[in-house]
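Reading the structure
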2 protein chains.
Amino acid sequence: MNSLKELLEKVKQIFENEPFIFEPRELYTPIDYTLSLGGKRIRPVLLMAGCEMFGGDINQVKDAALGIETFHNFTLLHDDLMDKSPIRRGQPTVYRKWNENTAILSGDTMFALAWRYFLRQSHPALQDILNTFNETAIGVCEGQQYDMNFETRNDVSIAEYMEMIRLKTAILLAGALKIGAQYANAPESDIQHLYDFGIHIGLAFQLQDDLLDAFGDVKVFGKQTGTDISDNKKTYLYLKALELADEQQRDTLQQLFATTPANPEEKIRTVLGIYQDLDVRNTVENIVNEEFAIALNELDAIHVDPKNKATLNELANTLLGRKV
Amino acid sequence: MNSLKELLEKVKQIFENEPFIFEPRELYTPIDYTLSLGGKRIRPVLLMAGCEMFGGDINQVKDAALGIETFHNFTLLHDDLMDKSPIRRGQPTVYRKWNENTAILSGDTMFALAWRYFLRQSHPALQDILNTFNETAIGVCEGQQYDMNFETRNDVSIAEYMEMIRLKTAILLAGALKIGAQYANAPESDIQHLYDFGIHIGLAFQLQDDLLDAFGDVKVFGKQTGTDISDNKKTYLYLKALELADEQQRDTLQQLFATTPANPEEKIRTVLGIYQDLDVRNTVENIVNEEFAIALNELDAIHVDPKNKATLNELANTLLGRKV
């Protein structure tokens, strides 16, 4: 069993040893740029940890690890274009550094490259493994569509929001774990527990991200706070606040979330004030804790030696910013 | 052995029986729109014909046929967005009828749907088959990038143009044939001949399309002529004309291909006049005939009963607008 740190080092090596530049260079330079920027590399680590947990060899899944991370970066590349996000990991996004067509076509090619990596290694259950990957990919696209739909809808329910983040964020974490377990020929029932562990960690992680965007310390969070509010993102916090608000607070929230002032500080302050009055932070922190607890229960339920679960336990705690 | 007409009917039925609308409808309605507009359905027919030729059963490849056509339509959808083409098959393109983000995300989803279809059926050589599909997909992306590069380059050679259309057009026809043959467990050497048949038919088809755009009868061609000239497309005709031109003709061509007049009729007339003076039409018609002859030689070289080649022979002639 490799520790979290060892798996991260392994993933780093895999990416350093893989060439990403081919001809035509106009197509592959943005791909190399995207895949070399780093990021937390959570998904390949999950995939490897899911494999090792059931006695699999991580050398067997290094191409799948490359594949899942390449797919993830493809979705970020296209999402940044669709959301018109200028910065990713502290650097200009591809559509800004190059142009929109480059972002479209390099993204498409990255999706195909992800498949190239997945197809490099054989496995008796390859068709099942590829199905897991592909159904995950379709779900991620559906999640992004729901997210875009929500921008123009004023009647989004909390249940719909949870379904959106399940698709957009959680299933890729869960899918990575499942693929790792499939490579290690894990039993179906254990795979299901591991998948559900991934789903609930993913939900907790996204809700925590919503919290940090509103209440986080810029120095710790590493990015600007209040951006969800200034971007009028209908996060769990906003939807929960609407649910708890009196008529006047609801009117204020809805009016503010229909404006995009050049200087959003006053708006952010007002919204955060309402969140505070309604104790939204505590409410959402409780949901994060609940999801985290469900996740750990699922991990507990898997029939392997508890020491095989150590890396995933560590990863779950690290993801949620908890000391282990 | 099914005739061309029978295979086309079969493909039509497959598309009619497959549901394309799921939730969220905003994502799947443009996909249904794209896949229901029809088109010539050449690639799924090639895939089925490639399979039947070696004694395979077309029911074994109906999902692969769906997959290859879905992939092709995905590339058209994204190409139309990148090229800002307003019309496809007489109807508004997806980015025009909806918007750019819809075109990006519905396209991405179509690529994943193509994989869903390919993954629905098992085969002992599935990994090889999927590799053929995926390497073809990567090549098509590379071809599109070269095509975009050529827009801003003034030193494109004829060899580079041929490589671009090989990637952008020919390899998908060849790949469809190869996949069909792989399902039927055809021998490697025959698969290579079949693939090369597809490559040369594809090259002939694209060069013929260049010719028709310049010299075709609008009523027969079914679309406006002269668009490559008004769009400053560096087709084989243009590159060959540059090669044959004297200094004055070259200057005129290069100057005209650096302008986009609101009313391009005068420009089209001048360019066609130069093509005529240089006998470019005849020169390119000869290349089409050569590529067609090479293709038929490759078909001849395949070790199956000649009557198993009848459908592909018919399809090749039909594609090139020749009476059989």
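1. Concerning the overall build of chain A
The helix and strand inventory of chain A stands at 16 helices and 2 strands. Since a compact globule built from 324 residues should have a radius of gyration of about 20 Å, the 20 Å found for chain A is in line with a globular shape. Seen along its three principal axes, the alpha-carbon backbone of chain A occupies a region of about 60 × 50 × 35 Å. With 324 residues in all, chain A has 59% of them scored as buried.

2. Quick word on the nonpolar core
In this structure, Tyr275 and Leu312 of chain A together with Tyr275 and Leu312 of chain B are the most contacted members of the largest nonpolar core, which totals 235 residues. Leave out the neighbours within four places in its chain, and Leu312 of chain A touches Leu46, Ala49, Met53, Leu177, Leu194, Phe197 and Leu299 of chain A.

3. Quick word on the interface of chain A and chain B
In this complex, chain A contributes 38 residues to the contact, which on the side of chain B involves 38 residues. Each partner contributes to the roughly 3,600 Å² buried at the junction of chain A and chain B, and carbon and sulfur atoms together form 61% of this total. Of all residues in chain A, Leu105, Leu119 and Gln127 of chain A bury the most surface against chain B, accounting for 17% of the area lost on that side. In this assembly, chain A and chain B are joined by 2 salt bridges. For Arg116 of chain A, the salt bridge is made with Glu135 of chain B, and the minimal N-O distance between the two is 2.7 Å. The tally of links from chain A across to chain B stands at 18 residue pairs in polar contact (both at pLDDT 80 or more). Those elements that place two or more of their residues in the side of chain A that touches chain B are α2 (25–36), α4 (62–83), α6 (100–118) and α7 (126–151) of chain A. No other element matches the 14 residues that α7 of chain A contributes to the side of chain A that touches chain B. Per-class residue counts for the side of chain A that touches chain B are 19 nonpolar, 11 polar and 8 charged.

4. With respect to the side chain of His72 of chain B
All names here are of chain B. When you line up the elements, His72 lands in helix α4 (residues 62–83). Residue classification places His72 among the buried residues on the basis of a relative accessible area of 9%. Sequence-distant contacts of His72, defined by excluding residues within four places in its chain, comprise Arg43, Arg89 and Leu172.

5. Digging into the state of the cysteines
Overall, the coordinates contain 0 disulfides over all chains when judged by the stated rule. Here Cys141 of chain A stays free of any disulfide, with the sulfur of Cys141 of chain B as its closest cysteine sulfur at 15 Å. Its relative accessible area of 7% is what places Cys141 of chain B among the buried residues.

6. Digging into the packing of aromatic side chains
Considering all chains together, one arrives at 26 aromatic pairs over all chains under this definition. Counting every residue linked through ring pairs, the aromatic cluster contains Phe71, Phe74, Phe111, Trp115, Phe118 and Phe133 of chain A together with Phe71, Phe74, Phe111, Trp115, Phe118 and Phe133 of chain B. Cation over ring: Lys97 of chain A sits above Trp98 of chain A, and NZ or CZ is 5.6 Å from the ring centre.

7. Things to note about the relation of the copies chain A and chain B
Turning one copy of the chain about an axis and sliding it along that axis gives the other copy, so a rotation and a shift relate them. Superposing chain A onto chain B takes a rotation of 180° combined with a translation of 0.0 Å along the rotation axis, leaving an RMSD of 0.0 Å. Such a turn and shift between the copies fits a two-fold axis. A shared binding surface is used by both copies, with 100% of the interface residues of chain A retained as interface residues in chain B.

8. A word on the packing of α6 of chain A against helix α6 (residues 100–118) of chain B
Put simply, α6 of chain A and α6 of chain B touch, their axes get as near as 12 Å, and they point 15° apart. Judged by the inter-axis angle, α6 of chain A sits roughly parallel to α6 of chain B. Two packed elements cross with a definite hand, and for α6 of chain A against α6 of chain B that hand is right-handed. Residues Glu100, Ile104, Asp108, Phe111, Ala112 and Trp115 of chain A of α6 of chain A touch α6 of chain B, and the partners they reach there are Glu100, Ile104, Asp108, Phe111, Ala112 and Trp115 of chain B.

9. A short note on α4 of chain A
All names here are of chain A. With 22 residues, α4 extends 31 Å between its outermost C-alpha atoms, agreeing within 8% with the 32 Å of an ideal straight helix rising 1.5 Å per residue. With respect to burial, α4 is a largely interior element, 20 of its 22 residues being buried. Phi for Lys84, located one or two positions after α4, is positive at around 55°.

10. A few points about the side chain of Gln127 of chain B
Residue position: Gln127 of chain B is located in helix α7 (residues 126–151). Once you skip the residues sitting within four places of it in the chain, Gln127 of chain B turns out to touch Leu119, Arg120, Gln121, Ser122 and Leu126 of chain A.

11. Notes on the packing of helix α3 (residues 42–53) of chain A against helix α8 (residues 158–183) of chain A
All names here are of chain A. Remark: α3 packs on α8, axes separated minimally by 6 Å, with the N-to-C direction vectors making an angle of 35°. The handedness of the crossing between α3 and α8 is right-handed. Residues Ile42, Arg43, Leu46, Leu47, Gly50 and Cys51 of α3 pack against Leu172, Leu173, Ala176, Leu177, Ile179, Gly180, Ala181 and Tyr183 of α8. For the contact of α3 with α8, the class distribution of residues is 11 nonpolar, 2 polar and 1 charged.

12. A few points about the environment of Phe71 of chain B
Residues and elements named next belong to chain B. By the element assignment, Phe71 lies in helix α4. According to the relative accessible area criterion, Phe71 is buried, its value standing at 1%. On a C-alpha basis, the gap between Phe71 and His123 in space is 20 Å, while along the polypeptide they are 52 residues apart.

13. Some points on the confidence of the model for chain A
Close reading of the predicted structure is inappropriate where its pLDDT is low. Residues of chain A with pLDDT of at least 70 account for 98%, and the chain-wide mean is 95. Reported confidence for the predicted complex is 0.96 by ipTM and 0.96 by pTM.

14. Comments concerning the environment of Leu177 of chain B
Residue and element names in this part refer to chain B. Position of Leu177 relative to the elements: it lies in helix α8 (residues 158–183). Its relative accessible area of 0% is what places Leu177 among the buried residues. Between the C-alpha atoms of Leu177 and Phe54, which are 123 residues apart in sequence, the distance is 11 Å. Ignoring anything within four residues of it in the chain, the contact list for Leu177 reads Leu46, Gly50, Leu194, Phe197, Gly198 and Leu312.

15. Some remarks on helix α12 (residues 236–244) of chain A
Residues and elements named next belong to chain A. Across the 9 residues of α12, 7 count as buried, placing the element largely inside the fold. Listed as buried for α12 are Tyr236, Leu237, Tyr238, Leu239, Lys240, Ala241 and Leu242. Buried-residue contacts for α12 involve α8, α9 (188–215), α13 (247–256), α14 (265–277) and α15 (280–300).

Definitions and limits used
- Residues numbered from 1 in each chain as written.
- Chains lettered and ligands numbered in written order.
- Predicted model: local features only at pLDDT ≥ 70, side-chain atom pairs only at ≥ 80, totals over all residues.
- Heavy atoms only, no water.
- Helix = DSSP H or I, 4+ residues; strand = E, 2+ residues; numbered from the N terminus.
- Rg over C-alpha atoms; globule rule 2.2 N^0.38 Å.
- Buried < 20%, exposed > 50% of the residue type's maximum accessible area, 1.4 Å probe, protein only.
- Core = buried A, V, L, I, M, F, W, Y, C linked by side-chain atoms within 4.5 Å.
- Contact = heavy atoms within 4.5 Å.
- Buried area = accessible area lost by both parts, 1.4 Å probe.
- Salt bridge = Lys/Arg side-chain N within 4 Å of Asp/Glu carboxyl O.
- Polar contact = N/O pair within 3.5 Å; in protein donor to acceptor, adjacent residues only side chain to side chain.
- Nonpolar A, V, L, I, M, F, W, Y, C, P; charged D, E, K, R; others polar.
- Disulfide = S-S within 2.5 Å.
- Phe/Tyr/Trp six-rings, centres within 6.5 Å; stacked < 30°, edge-to-face > 60°.
- Lys NZ or Arg CZ within 6 Å of the ring centre and 35° of its normal.
- Least-squares fit on C-alpha atoms with pLDDT ≥ 70 in both.
- Axes fitted to C-alpha atoms, helices over the stretch in contact; angles between N-to-C directions.
- Parallel < 35°, antiparallel > 145°, perpendicular 65-115°, else oblique.
- Left-handed = near helix turned anticlockwise from the far one by under 90°.
- Expected span 1.5 Å × (residues − 1).
- pLDDT = per-residue confidence, 0-100.

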